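Per-entry structural report
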Amino acid sequence: MADDSVTIDRRAERGDPDRVGTRTAAGASPRAVADASPWARRLLVAGIVLAALNLRPAITALGPLLEEVREALAMNGTVAGLLTSAPALCFAVFGGAAPRLARRWGPAAVVLAGMAAVTAGLALRPLAGGTAWFLAASALALAGIAVGNVLMPVVVKRWFPDRIGPMTGLYSMALSVGTAAAAALTVPAVHALGGGWRLGLGMWALLGALALAAWVPVVRGARTRTAAPAGPGAGADAPGTGIRITRSVTAWSLGVFFGFQATAAYVVMGWLPQIFRDAGVPASTAGLLLAVTMGMSIPLSYVLPRIAARLGHQGPLVAVLACCGLGGYAGLWFAPAQGAWAWALLLGVSNCAFPLVLTMIGMRARTGAGVAKLSAFAQGTGYLIAVPGPLLVGALHQHTGGWHAPLALMAVLMTAQLAVGLVAGRDRCVEDGG
């Protein structure tokens, strides 16, 4: 990875909200950053946005059509439950391979392959005649998403080392738009076009094809720029590849923080409408409240990373988001229907811990190789932690017949998220053993 030796010194330029100070390490080849043409950089920005748009439709487009899919494929409840937990499992399993693939082929080429897997999986899923093939196509799409999850922070670090905050914000905002669009537009599109669930799921492959079209020239340009002899520190043995990530307190704190915020997000997505409905809120209003919660992440996902990049310690942001989450849970406990809109807004703000942790991953390692390792470890660990959360909330609700026990559990986890987030927010790099 010839261009991974551009490193970050966050103490250099505190005055500019959009910059993280940069310096070039000895022997570095800064072609990817300094010598790229404006057209190439604009193309890469478009590629990042299109890739981010494709990282959730495979998941959120399925939910509104799950009942139709189950009936058409004679899918039992156990398999349907597996589908809801499969994303976190696939993200944890397949995401771990991304750093090794990136060292071998380069991050841009692996992101391109990931987009190809997403597109193929989305295109093949509607053609499935049985449950096994549907699961296989879904796994293919989720594997591509897992690779993109891990490597997008690496791409930002490598090509935009002085714009980590704004670019992470743009990427996070695009991811939120893709998430919300697939959930909101799939069923209306099916009705408008007169199709069935197969059309509703398959049409999102077109978005994947657009991402492929953008990343092909990016990969060609990256190969051209890295064809020149690389300086010391390039390639598979670049600084960062020898990090003992499992011995880093920073890496573990980021992984656990990622897991707690993902748990909160999955519980909100899966159970918030039911909490409101059980409190007497009409179904249509409950759906609108969830849309408001998810929609909060669109503007905040762009703003929050820019603020985080200005700070030496992201702990204050961690605390604000956690307090919003605790406030939302308290509201759902005491007056779920009366203050429904306020609780939806508070939980929407709290869910923006996701773009914050992505930004911190980019800031807690000095090199692209280090970010790749840290991203894979933090996301792999985090998604494994998040797997049982929604299932446990459902079990508590069924056992107790109410929502107080699940909300108490979520409040405890949010408190733990606050504690570990304060550690993750420290200005430390994994290369330093911190």
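Residues numbered from 1 in each chain as written. Predicted model: local features only at pLDDT ≥ 70, side-chain atom pairs only at ≥ 80, totals over all residues. Heavy atoms only, no water.

Per the secondary structure count, the protein includes 20 helices and 2 strands. Counting every position in the protein, which comprises 434 residues, the buried fraction comes to 55%. In the protein, once contacts between residues fewer than 6 apart in sequence are set aside, the share between residues at least 24 apart is 83%. (Helix = DSSP H or I, 4+ residues; strand = E, 2+ residues; numbered from the N terminus. Buried < 20%, exposed > 50% of the residue type's maximum accessible area, 1.4 Å probe, protein only. Contact = heavy atoms within 4.5 Å.)

Among the surface-exposed residues, Leu-124, Leu-127 and Leu-140 lie close enough to one another that they form a single nonpolar patch of about 290 Å² accessible area. Relative to the assigned elements, Leu-124 resides in helix α7 (residues 107–124). Look at Leu-124 and you get partly exposed, because its relative accessible area is 45%. (Patch = residues over 30% accessible without salt bridge, like charges linked within 9 Å, V, L, I, M, F, W, Y side chains within 5 Å. Areas by Shrake-Rupley, 256 points an atom, 1.4 Å probe, with all protein chains shown as cover. Salt bridge = Lys/Arg side-chain N within 4 Å of Asp/Glu carboxyl O.)

Moving on, we come to the packing of aromatic side chains. Summed over all chains, the structure comprises 7 aromatic pairs. Between Trp-252 and Phe-377, the ring centres sit 4.9 Å apart and the planes meet at 90°, which makes this aromatic pair edge-to-face. Here the residue Trp-252 occupies a position in helix α12 (residues 249–278), and Phe-377 occupies one in helix α18 (residues 368–386), the gap between them amounting to 125 residues. Ring centres 5.0 Å apart and planes at 75° place the aromatic pair Phe-258 and Tyr-383 in the edge-to-face group. Here Phe-258 is found in helix α12, whereas its partner Tyr-383 is found in helix α18, with 125 residues between them in sequence. A residue is classified by how much of its surface remains accessible, and Tyr-383, at 3% relative accessible area, is buried. One aromatic cluster is present, built from ring pairs that chain together Phe-91, Phe-258, Phe-354 and Tyr-383. (Phe/Tyr/Trp six-rings, centres within 6.5 Å; stacked < 30°, edge-to-face > 60°.)

As a further point, take helix α6 (residues 98–105). Because an α-helix completes one turn every 3.6 residues, residues spaced three or four positions apart along the sequence face the same direction. Along α6, the residues classified as buried are Ala-98, Pro-99 and Ala-102. With its buried residues spanning 95° around the axis, α6 presents them on a single face. Of the residues in α6, the exposed ones pointing more than 90 degrees away from the buried face are Arg-100, Arg-104 and Trp-105. Count one or two residues on from α6 and you reach Gly-106, which has phi positive near 95°. (Arc of directions from axis to C-beta.)

Turning our attention to the environment of Pro-282. Following the sequence through the fold, Pro-282 ends up in the loop between α12 and α13 (283–295). Residues Pro-282 and Ala-337, 55 residues apart in the sequence, show an inter-C-alpha distance of 10.0 Å.

In a packed pair of helices, the relevant descriptors are the angle between the two axes and the axis-to-axis distance. Between helix α8 (residues 131–159) and α18, the shortest axis-to-axis distance is 8 Å and the interhelical angle comes to 150°. Here α18 runs roughly antiparallel to α8, going by the angle between their axes. When you trace α8 past α18, the crossing you get is right-handed. Between α8 and α18, the residues in contact are Asn-149, Val-150, Pro-153, Val-154 and Lys-157 and Gly-368, Val-371, Ala-372, Ser-375, Ala-376, Gln-379 and Tyr-383, respectively. (Axes fitted to C-alpha atoms, helices over the stretch in contact; angles between N-to-C directions. Parallel < 35°, antiparallel > 145°, perpendicular 65-115°, else oblique. Left-handed = near helix turned anticlockwise from the far one by under 90°.)

Take Leu-207: it is sitting in helix α11 (residues 205–225). Residue class for Leu-207 comes out buried when judged on its relative accessible area of 17%. Sequence separation between Leu-207 and Leu-50 is 157 residues; the distance between their C-alpha atoms is 7.7 Å. Setting aside residues up to four positions removed in sequence, Leu-207 forms contacts with Leu-53, Asn-54 and Pro-57.

For the rest of this paragraph, the subject is the packing of α6 against α7. The N-to-C vectors of α6 and α7 enclose an angle of 120°; their axes lie 7 Å apart at closest approach. Here α6 is positioned oblique relative to α7, judged by the angle of their axes. Taken together, the residues of α7 that come into contact with α6 (itself represented by Leu-101, Ala-102 and Trp-105) are Pro-107, Ala-109 and Val-110. Split by residue class, the contact of α6 with α7 holds 6 nonpolar, no polar and no charged. (Nonpolar A, V, L, I, M, F, W, Y, C, P; charged D, E, K, R; others polar.)

Attention now moves to unusual backbone geometry. Phi at Ala-74 is positive, roughly 55°, even though this residue is not glycine. Relative to the elements of secondary structure, Ala-74 occurs in the loop between α4 (66–73) and α5 (77–95). A relative accessible area of 68% means that Ala-74 is categorised as exposed.

Glancing now at the environment of Trp-403. Along the chain, Trp-403 falls in the loop between α19 (388–400) and α20 (404–424). Trp-403 has contacts with Trp-271, Gln-274, Ile-275, Asp-278, Val-393 and His-397, leaving out every residue within four places of it along the chain. At a separation of 2.8 Å, a polar atom in the side chain of Trp-403 contacts the side chain of Asp-278. (Polar contact = N/O pair within 3.5 Å; in protein donor to acceptor, adjacent residues only side chain to side chain.)

The subject of this paragraph is the confidence of the model for the protein. Of the residues in the protein, 85% have a pLDDT of 70 or more, and the chain-wide mean is 82. When mean pLDDT is taken per element in the protein, helix α15 (residues 315–334) scores highest with 97 and strand β1 (residues 6–8) scores lowest with 34. A low-confidence stretch, residues 1–34 stays under pLDDT 50, and its non-local contacts, those more than four residues away or across chains, total 84 contacts. Low pLDDT (under 50) marks residues 227–240, which in the prediction has 21 contacts with non-local residues, meaning those over four places away or in another chain. (pLDDT = per-residue confidence, 0-100.)

Turning to the state of the cysteines, a few remarks are in order. Two cysteines whose sulfur atoms are joined by a covalent bond form what is called a disulfide. Applying the stated criterion to the full structure yields 0 disulfides. Cys-324 carries a free sulfur, and the closest cysteine sulfur to it, the one in Cys-323, is 7.2 Å from it. Looking at Cys-324, the relative accessible area reads 16%, which means it is buried. (Disulfide = S-S within 2.5 Å.)

As a further point, take helix α9 (residues 164–193). Across its 30 residues, α9 extends 40 Å between first and last C-alpha, which sits within 8% of the 44 Å expected from 1.5 Å per residue. Of the residues trailing α9, Gly-194 is marked for its positive phi of about 70°. (Expected span 1.5 Å × (residues − 1).)

Tracing the backbone shows Ser-138 in helix α8. Every residue in contact with Ser-138, bar those within four places of it in the chain, is listed here: Leu-83 and Arg-125.

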